[in-house]
Amino acid sequence: MIRITDILDRVAENNPEADLDIIDRAYIFSARVHDGQIRLSGEPYLSHPLEVAGILAEMNLDPVSIAAGLLHDVVEDTHATPDEIEQTFGKEVLRIVAGVTKMSKLSFGSTLARQAESLRKMLLAMADDIRVILIKLADRLHNMRTLAFHKTDKRRQIARETLDIYAPIAARLGIYWIKNELENASFMYLMPDEYDRIKNSVSTDRTAREAYIEDVKGYLRNQMEEYQLNSEVLGRYKNYYSIYLKMVTQNLAFEDVYDIIAFRIILDTIPRCYEALGIVHSLWKPIDIKFKDYIARPKPNMYQSLHTTVIGPRGERVEIQIRTHEMDRVAKSGIAAHWSYKEGGKTDESIGKRFAWIQNLVENQENFANPDEFLENVRIDLYPDEVYVFTPQGDVKTLPKGATPVDFAYVIHTEVGNQCTGAKVNGRLVPLSHELVTGDTVDIVTSKNHKPSKDWLKFVKTVKARSRIRQWIKIQEKNRSLSLGREMCEKAFRKQRLNFTTLMKSDQMLEVVAHFGFKTVDDLIASVGYGKTTPLQVLRRFMPKPEEEAEEKSRETILDRLIGRVKKRKPSAGVLVKGLDDILIRFGKCCQPVPGDPIVGYITRGYGVTVHRANCVNALKMSPERQIDVAWTEETSETYPVKIVIVSYDRVGLLADIATSISKHEANIVSLNTTTKANELVESYLTLSVAGTGHLDRVLASLRKIHMVQDVRRLNR
Ligand code: MN
């Protein structure tokens, strides 16, 4: 078991100025809270966080990471609380520990295989600090090293998860030694027979092979010296899993896999790397297609090296990697290299921030030969605007940031979206506008009769949800306008003793449809429903000489002339009908709503929607299924009629004062009737046209100030 002093020595060696105190304190804390807990191996539990911290120290990570490594299991497995950790070690350590804890709670279960890529993305997206991932990798590495103590089933499950999720993440982050070790260990538990076969094959002729390695190493070293290149030459077996993959994918027997050994030449500078490459290629014939220049074009994870495969001294393939010491360091720790101490200095604060390393990658984009490969590798990081959420079955769905349960429902299925009435996130009911975050499990509640709402458009984030909701509303509006238009036409035609239903199928109807510029009868009828065409206009096409209804002419009174401007309002303006655009609107004559009044709409036979004041007695009598939500539009330049009564003692000039007062407030008088009562009171009934309740209130207030006026009020039936 590694000791804390080994870890402290290692950190101090890397950076003499490192703050060892936080590591020391984390160790004491961890030892205290894990006290008495035992690993399956029989060792004290503390050995696990210690080993994890040791791996992190091996990666040259900063003291905060190592302290967090020592504490990574305390929240989940001990009585220690997040508050305690924050108070003792600060926000940064708590944030990292909390991140690791959150990640540990995910279970991938049976959905693993088909969703590995989404799950990897999800893990990367969940970590708001890349050190969370690094600790998780170290944690998994130690767990794999001690996997033998688990039961067979559990072993296979953990190994599968490691191979599918964690090894690829390590590779993506460029930490190849962890990737190799995770792969090898998983391979051993998942396919023990194949593992043993390759292991045995590698060890037969081991002596001969070792001699061969020494030969090639010595030869390369001598050649480098001859050209005065200061170098380090290494030779190693490739990991068993990659040998296995090569055998499977290229259908080779073990004997045919030549490059089970890889050589590496490490030099001081980049120009020397190319010199060394020249020497190697002049000694042994290179296989062209096997040459890769990752120095000029680094991998997205910053990996740099020259890779070449040559026909070696015995006619066999030899893989050789050529790189500088710095590149070798990066290849060992990958992304982690950016968190380690550099030349004793403190790590750049900004680098520790969320995916700051992606910035490096983006800036170096011109170095990448194949932009597609680059994008593929860092896609998730280039678009941190994604969230990953689970279905109740454990499937992962990718959504844009800010997405809501409605978006999720439409991703599942259009029907689920259309019928969604509510949602549970992590078991709790939430509003449909609730913002989902990565890791949430979302359960949609549906109901057969439920319908999408126009309001959803205000918060949905996905194109799919938006277009499906719009589509639905459009169909509904059309259907509604159709039945409305039909009722209106039937009624108008019936008055003229014509049967609209029969005429609808006539040839004459097709001419009429064309006359109005429509393609089908339905389009024309819908247009009537929308209020764009009136039933009378349609009717007239069927009656060459329509009897014009005698228009009742109102008698012009002296007062009318005195007051002048009588403004007629346009009908349907100023009111929005929920779920319907451009519908024919009429206002109830009984209650005469004006903007500002609470209103309610009723679908009427033949005449679109009639709007009443919410407290109108007539409206209250109507059947609720005809009721429809309506609202005033925000701005309207229309004016609306409203009846008022003015009670006053009679006097000379009273009417003139009333007219002046009304006109001063820019309201118009539409009609006026005056009656004198026995008690010498005069009641003046006026219809005014006003812009809204505010306007009306101002007019009424000014009327109340007129001399001799007793009472002024709006008539409200
Ligand atoms: Mn652990």
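The rules behind each value
Residues numbered from 1 in each chain as written. Predicted model: local features only at pLDDT ≥ 70, side-chain atom pairs only at ≥ 80, totals over all residues. Heavy atoms only, no water. 1 Å grid on protein atoms, 1.4 Å probe; cavity = no way out; pocket = protein on both sides within 12 Å on 5 of 7 lines; lining within 4 Å. Points joined across faces, edges and corners; volume = space filled by probe spheres on them. Helix = DSSP H or I, 4+ residues; strand = E, 2+ residues; numbered from the N terminus. Nonpolar A, V, L, I, M, F, W, Y, C, P; charged D, E, K, R; others polar. Core = buried A, V, L, I, M, F, W, Y, C linked by side-chain atoms within 4.5 Å. Buried < 20%, exposed > 50% of the residue type's maximum accessible area, 1.4 Å probe, protein only. Contact = heavy atoms within 4.5 Å. Pairing = 2+ DSSP bridges. Donors = N, O, S within 2.8 Å, 3.2 Å for Na, K, Ca; no water. Salt bridge = Lys/Arg side-chain N within 4 Å of Asp/Glu carboxyl O.

*Asks:* Where do I start with the layout of surface pockets in this structure?
*Replies:* Empty pockets left among the atoms are what a rolling probe the size of a water molecule brings to light. The space that makes up the second largest pocket amounts to roughly 1200 Å³. Only helix 10 (152–172), helix 11 (176–190), helix 14 (240–249), strand 5 (306–311), strand 6 (317–324) and helix 16 (325–333) provide two or more residues apiece to the lining of the second largest pocket. The element best represented in the lining of the second largest pocket is helix 11, accounting for six residues. When grouped by side-chain class, the residues that make up the lining of the second largest pocket number 15 nonpolar, nine polar and 18 charged.

*Asks:* Which parts of the structure should I look at to understand the nonpolar core?
*Replies:* General note: in soluble globular proteins, nonpolar side chains tend to be found buried as a group. Counting 106 residues, the largest nonpolar core has Val93, Leu137, Ile198, Ile265, Val280, Ile320 and Ile322 as the members making the most contacts within it. If near-sequence neighbours (up to four positions away) are discounted, Ile322 is found in contact with Ile265, Leu267, Cys273, Ala276, Leu277, Val280, Ile295, Ser305 and Leu306. Counting 53 residues, the second-largest nonpolar core is a separate cluster that includes Leu484, Ile585, Leu688 and Leu703.

*Asks:* Would you mind showing me how to read the sheet that holds strand 13 (residues 585–587) here?
*Replies:* Across a sheet, paired strands are connected by hydrogen bonds in the backbone, their directions being either parallel or antiparallel. Judged by pairing direction, the sheet is mixed, and its four strands sit side by side in the order 13-15-14-16 without closing on themselves. In this open sheet, the two edge strands, each paired with only one partner strand, are strand 13 and strand 16 (627–628). Where strand 13 and strand 15 (residues 609–613) come together, three bridges link them in parallel fashion. Bridging from a neighbouring strand, Phe587 pairs with Val611 of strand 15.

*Asks:* Explain the coordination of the manganese ion to me, please; I cannot follow it from the model alone.
*Replies:* In a perfect tetrahedron of four donors around a metal, the angles come out at 109.5 degrees. In a perfect octahedron of six, they are 90 or 180 degrees. Each protein donor to the manganese ion is listed here as His48 (NE2), His72 (NE2), Asp73 (OD) and Asp139 (OD); together their distances run 2.1 to 2.4 Å. Within one chain, the residues serving as donors to the manganese ion are arranged as H-x23-H-D-x65-D. Linking Asp73 in the loop between helix 4 (63–70) and helix 5 (74–77) with Asp139 in helix 9 (residues 130–145), this pair joins segments that are 66 residues apart in sequence. Both residues of the pair, Asp73 and Asp139, belong to the buried class.

*Asks:* Just checking my understanding: could you explain the pattern of salt bridges for this structure?
*Replies:* It is possible for side chains bearing opposite charge to pair when their charged atoms get close. In the structure shown here, the tally under the stated rule is 24 salt bridges. The closest approach of N and O atoms between Asp139 and Lys136, which form a salt bridge, is 3.2 Å. Taken together, the residues span about one helical turn, with Asp139 and Lys136 both in helix 9 at a distance of three residues. Among the ionic pairs, Lys238 bridges to Glu319, the shortest N-O distance being 2.7 Å. In this pair, Lys238 is assigned in the loop between strand 1 (232–237) and helix 14 and Glu319 in strand 6, connecting sequence segments 81 residues apart. Here Glu319 falls in the buried class, since its relative accessible area comes to 13%. In the salt-bridge network here, residues are joined through shared partners; they are Asp62, Glu92 and Arg131.

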